[in-house]
2 protein chains.
Amino acid sequence: MDRKTAEEVPDLKSLLFDGDVGTREEILEAAFDALHEHGYSELTIDAIGDEFEKSQSLIYHHYDSKDELLIDLLGLLTEYFETRTPEILPAEPRDRIEMFVEAAVGLNDTDRTAIGTFIELRAQAVHDDRYREHFVRSDEVIQEYIADDIRDGIEAGVFQEVDADRMATWLHTVGIGTAFRSVTSDDSWIETNEEEVRDYLERRLYK
Amino acid sequence: MDRKTAEEVPDLKSLLFDGDVGTREEILEAAFDALHEHGYSELTIDAIGDEFEKSQSLIYHHYDSKDELLIDLLGLLTEYFETRTPEILPAEPRDRIEMFVEAAVGLNDTDRTAIGTFIELRAQAVHDDRYREHFVRSDEVIQEYIADDIRDGIEAGVFQEVDADRMATWLHTVGIGTAFRSVTSDDSWIETNEEEVRDYLERRLYK
DNA sequence: GCTTGTTGATTAAATATTCAGTCAACGCGG
DNA sequence: CCGCGTTGACTGAATATTTAATCAACAAGC
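Here the structure is a predicted model, which means the values were calculated and not measured.

Colleague: Outline the nonpolar core, listing residues and values.
Modeller: Core analysis: the biggest nonpolar cluster contains 46 residues, and I97, I150 and L205 of chain A together with I97, I150 and L205 of chain B have the highest contact counts within it. Within the residue set of this core, elements represented by two or more residues are α6 (93-105), α8 (129-155), α9 (164-183) and α10 (190-204) of chain A together with α6 (93-105), α8 (129-155), α9 (164-183) and α10 (190-204) of chain B. Counting residues in hydrophobic clusters, the runner-up holds 26 residues, among them L43, F52, Y63 and A125 of chain A.

Shown next, in the form of C-alpha cells:
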C-alpha cells in the first residue's frame, strides 16, 4: 500500500506543541499518525486509539465526535502552516522564493509522507465545506506571503517588475499541483518539472 | 456540503458506453453517481444501490467486493481519458495546446463536478498502490500527448524551439494543480492564474 | 468528598457480504 | 413443439462484521 521506506513520521507533537503537551494534543497527534497510516477513508476511532497511549474511549471525553476531532486537527495544521511559514523564511527575497520553490518542487521522503496526509485532508474539501473553508483561507494566506516576497524583491531591485499577485497565484498553483502529483504518482517527472520552474524564475523573475 | 448549483451529473453512460449498456455498466455508472454525490469516504454499497435501478445485492453477482468495483471504475475512467483525449483534439498544434489549457485552466461547473470525483479517486493513490498505478500511467499518456503537440508545433514553425518534454511535464503539473485547487477552494484566483499561464505560453511557446 | 481524567466493557447503528430461492431464457431430446 | 433440465440474472431478507459512541466504575489530586 505504501511506498515510503523509512517508518518515521515527522514528530508533529514537537512541531506543533512546544512544551505543554496535554491529553488533547496527544489525541490530535494520534489522529494525525493514524491518518498517515490508514488514509482518510479507512480512518477509524479504533485506529486513532491504537496510536494513542491512553484509552480509546477517552477521546470522547475531549471531543464530541470523530468529525469534530478531525476538523480540529485540520484547523491546527492549517494554522501551523500559516503562522510558522513566515517564521522560518530567510531574510533575502530571493532566498525566500527559493525556499517556497524548494518546499513545493523538491519534496524529500519525510516531507512527502506528511504532505500526503495534508493532501488527503484537502481532498475532503471536494464534498465538505468545512474543509473547503480552511483551505480557501490558508491558500490566501500563503499566496500573500509569496506576493509580499515578490514585492520586497522588486523594491530591493533584485526582481523584475512583474505583477506580484499574478506570479504568486501561479507559483502557489504550481506548488499545489506538484505536491498533489508527487504523492499520487511516481518520481519520474520531478526533476524535469523543477528544471522548467527554475528556468521560468530565472527568465521572468530574477534579475 | 456541496456548492454546485445544477444537479445534473454528466451522463457517464452515454459517454463511456456507446450502445450496449449491460448490467455491469449500469453498476459502474451507479458507482460513479454515488461517488459524485457522497464522496469517496462516505461511499457505501447502499448508496451505490440507491443509484442503481436493480437490487443492491445484484452488485455482488457481478463483483466480488466493493473494492473490486471501484478499481474497475477507476480503470474505466482513466482508459476513457486516455483514448478519447486524442479523438476530440483539433488539428492545429496551437489549437490543441489551447484546448489542454482550456480544459485545465477554465473549468466550468459541469466539468468541475466530474473533475471533483476524479480528484477524489486520485487522492486514494496516497495510500493505495492500485490507484497509484493507474495515475502513473495516465499521467504518462496525457503528458506524451502534450509533448507530441509541442513537437508538431515546432516542426510546423509555429512554436519556439523549446524542450517539448520539459514544457509538457510542466503544463501537465499546472493542469493537475489547477484542477485540484479549483475543486477544493474558491474561484477568486482562477482568472489571475489563467492570465499568467497564457502570458507564459505567449512568451515562451508561441511564435 | 468533589471534580476531573481515565478505563474496559458494552451498546446500537451502519455496513459489507451472503444466502436461499424466484424467474425468464435457452437448448435439446422426444 | 413440448416438456425438462440448466444457466445466469435477479430479489429480499438474513448475517457477520465493523465502527462510533456510551456508560458505569475507578483513581487521583485538591
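Colleague: Could you give an account of the protein's contact with DNA strand C, with specific residues and numbers?
Modeller: Inspection of the region around DNA strand C gives 16 residues, with K54, S55 and S57 of chain A together with I45 and Y60 of chain B positioned closest. The share of sugar and phosphate among atoms of DNA strand C within 4 Å of the protein is 58%. At 2.7 Å, a side-chain N or O of K54 of chain A approaches a phosphate oxygen of DNA strand C. Contacts to DNA strand C include S57 of chain A, whose side-chain N or O atom sits 2.7 Å from a base oxygen. Breaking the surface near DNA strand C down by element, the ones donating at least two residues are α4 (59-62) of chain A together with α3 (45-50) of chain B.

Colleague: Any chance you could break down the relation of the copies chain B and chain A for me, citing the residues and the numbers?
Modeller: Structural alignment of chain B on chain A gives an RMSD of 0.1 Å, achieved by rotating through 180 degrees and translating 0.0 Å along the axis. Each copy turns onto its partner about a two-fold axis. Rotation axis and chain B: the residue whose C-alpha lies nearest the axis is G177 of chain B, separated from it by 1.6 Å. Mapped onto chain A, 100% of the interface residues of chain B are again interface residues, and the two copies thus contact each other with one and the same surface.

Colleague: How would you sum up the interface of chain B and chain A? Please name residues and give values.
Modeller: Each side of the interface is counted separately: chain B has 55 residues, and chain A has 55 residues. The largest contributions to the chain B side of the interface with chain A come from H127, R166 and E196 of chain B, which together make up 16% of the buried area. Here chain B and chain A share ten salt bridges between them. One salt bridge in this structure joins D199 of chain B and R204 of chain A, with 3.0 Å as the shortest N-O distance. Linking chain B to chain A there are 28 residue pairs in polar contact (both at pLDDT 80 or more). Among the secondary structure elements, those contributing two or more residues to the side of chain B that touches chain A are α2 (23-38), α7 (109-123), α8, α9 and α10 of chain B. Sorting elements by how many residues they give to the side of chain B that touches chain A places α9 of chain B first, with 15 residues.

Colleague: Pulling in residues and values, what's your account of empty space enclosed by the protein?
Modeller: The full count for this structure, using the stated rule, is one cavity of 30 Å³ or more. The space that makes up the largest cavity amounts to roughly 60 Å³. Elements with a minimum of two residues in the lining of the largest cavity: α7 (109-123) of chain A together with α7 of chain B. Classifying every residue of the lining of the largest cavity gives four nonpolar, four polar and two charged.

Colleague: Got a sec to walk through the packing of aromatic side chains? Specific residues and values, please.
Modeller: In total, this model carries 15 aromatic pairs over all chains according to the counting rule given. Both rings, one in Y40 of chain A and one in Y131 of chain A, keep their centres 6.1 Å apart while their planes meet at 80 degrees; by these two values the pair is edge-to-face. One end of the pair, Y40 of chain A, is in the loop between α2 (23-38) and α3 (45-50); the other, Y131 of chain A, is in helix α8, with 91 residues separating them in the sequence. For the pair shown, Y40 of chain A and Y131 of chain A are each scored as buried. For the ring pair W170 of chain A and W170 of chain B, a centre distance of 6.0 Å and an interplane angle of 45 degrees mean the geometry is tilted. Placement of W170 of chain A in helix α9 and of W170 of chain B in helix α9 is noted, with the two residues assigned to different chains. Considered together, W170 of chain A and W170 of chain B belong to a single accessibility category, that of buried residues. The ring centre of F180 of chain A lies 5.6 Å from the NZ or CZ of R122 of chain B, which sits over that ring. Lying across the ring of W189 of chain B, R181 of chain B places its NZ or CZ 4.3 Å from the centre.

Colleague: So, the protein's contact with DNA strand D: which residues are in play, and what are the values?
Modeller: In the neighbourhood of DNA strand D, 15 residues make up the surrounding shell, with I45 of chain A together with K54, S55, S57 and H61 of chain B lying closest. Sugar and phosphate atoms represent 64% of those atoms of DNA strand D found within 4 Å of the protein. The side chain of T23 of chain B places a nitrogen or oxygen atom 2.8 Å from a phosphate oxygen of DNA strand D. Contact distances for DNA strand D include 2.8 Å between a phosphate oxygen and a side-chain N or O atom of H61 of chain B. At the level of secondary structure, the elements contributing two or more residues to the surface near DNA strand D comprise α3 of chain A together with α4 (59-62) of chain B.

Colleague: So what's going on with α7 of chain A? Which residues, and what values?
Modeller: With 15 residues, α7 of chain A extends 21 Å between its outermost C-alpha atoms, agreeing within 8% with the 21 Å of an ideal straight helix rising 1.5 Å per residue. Along α7 of chain A, the positions that sit buried rather than exposed are R112, T113, G116, T117, F118, I119, E120, L121, R122 and A123 of chain A.

Colleague: Now, about a negative patch on the surface: what can you tell me, with residues and values included?
Modeller: All names here are of chain A. Together, E37, D46, D50 and E51 give the surface a local cluster of negative charge. Considering the arrangement of structural elements, one finds E51 in the loop between α3 and α4. Look at E51 and you get partly exposed, because its relative accessible area is 31%.

About the cut-offs
- The written sequence of each chain sets the order in which its residues are numbered from 1.
- Chains carry letters from A onward and ligands carry numbers from 1 onward, assigned in written order.
- pLDDT decides what is reported in this predicted model: residues at 70 or higher carry local features, side-chain atom pairs at 80 or more are listed and counted, and totals for whole chains, interfaces and linings draw on all residues regardless.
- With hydrogens and water set aside, each side-chain value is computed from the structure's full complement of heavy atoms.
- For the purposes of this section, nonpolar cores are sets of buried Ala, Val, Leu, Ile, Met, Phe, Trp, Tyr and Cys residues that join through side-chain atoms within 4.5 Å.
- The buried label applies to any residue whose accessible area, calculated with a 1.4 Å probe on protein chains only, is under 20% of its type's maximum; exposed applies above 50%, and partly exposed to all values in between.
- Helix and strand definitions follow DSSP, with helices as H or I runs of at least four residues and strands as E runs of at least two, each counted in order from the N terminus.
- Any residue with a heavy atom positioned within 4 Å of a molecule or strand is treated as near that molecule or strand.
- Here a polar contact means two N or O atoms within 3.5 Å. Within protein one must be a hydrogen donor candidate and the other an acceptor candidate, and residues neighboring in sequence count only if both atoms are side-chain atoms.
- Here the copies are matched by least squares. The fit uses the C-alpha atoms of residues with pLDDT of at least 70 in both.
- We call two residues contacting when some pair of their heavy atoms lies within 4.5 Å.
- For any pair of parts, buried area is found by adding up, for both, the accessible area (1.4 Å probe) each one loses once the two are put together.
- Salt bridges are counted wherever a side-chain nitrogen of Lys or Arg sits within 4 Å of a carboxyl oxygen of Asp or Glu.
- With a 1 Å grid laid over protein atoms only, a set of points is called a cavity when a 1.4 Å probe fits there but cannot get out and a pocket when it is open yet has protein on both sides within 12 Å along at least five of seven lines; lining residues have an atom within 4 Å of a point.
- Grid points are joined across faces, edges and corners, and a volume is the space filled by probe spheres set on the points.
- Amino acids are sorted into nonpolar (Ala, Val, Leu, Ile, Met, Phe, Trp, Tyr, Cys and Pro), charged (Asp, Glu, Lys and Arg) and polar (every other residue, Gly among them).
- Between 30 and 60 degrees the pair is tilted, below 30 it is stacked and above 60 it is edge-to-face, where a pair is any two Phe, Tyr or Trp rings, Trp via its six-membered ring, whose centres lie within 6.5 Å.
- Charges are assigned to positions over rings by a cutoff of 6 Å between ring centre and Lys NZ or Arg CZ, combined with an angular limit of 35 degrees from the ring normal.
- Expected span, for any helix, means 1.5 Å times one less than how many residues it has.
- Only residues whose relative accessible area exceeds 30% and that form no salt bridge enter a patch; like-charged residues are grouped when within 9 Å of one another, and nonpolar side chains (Val, Leu, Ile, Met, Phe, Trp, Tyr) when within 5 Å.
- The method behind every accessible area is Shrake-Rupley, applied with a 1.4 Å probe, and residues are considered shielded solely by the protein chains displayed.
- For the purpose of charge, His is not counted, nor are the chain termini; Lys and Arg are scored as positive and Asp and Glu as negative.
- A single reference atom marks each charge: NZ on Lys, CZ on Arg, CG on Asp, CD on Glu.

Fair warning: the whole summary comes from geometry, so function is off the table for now.
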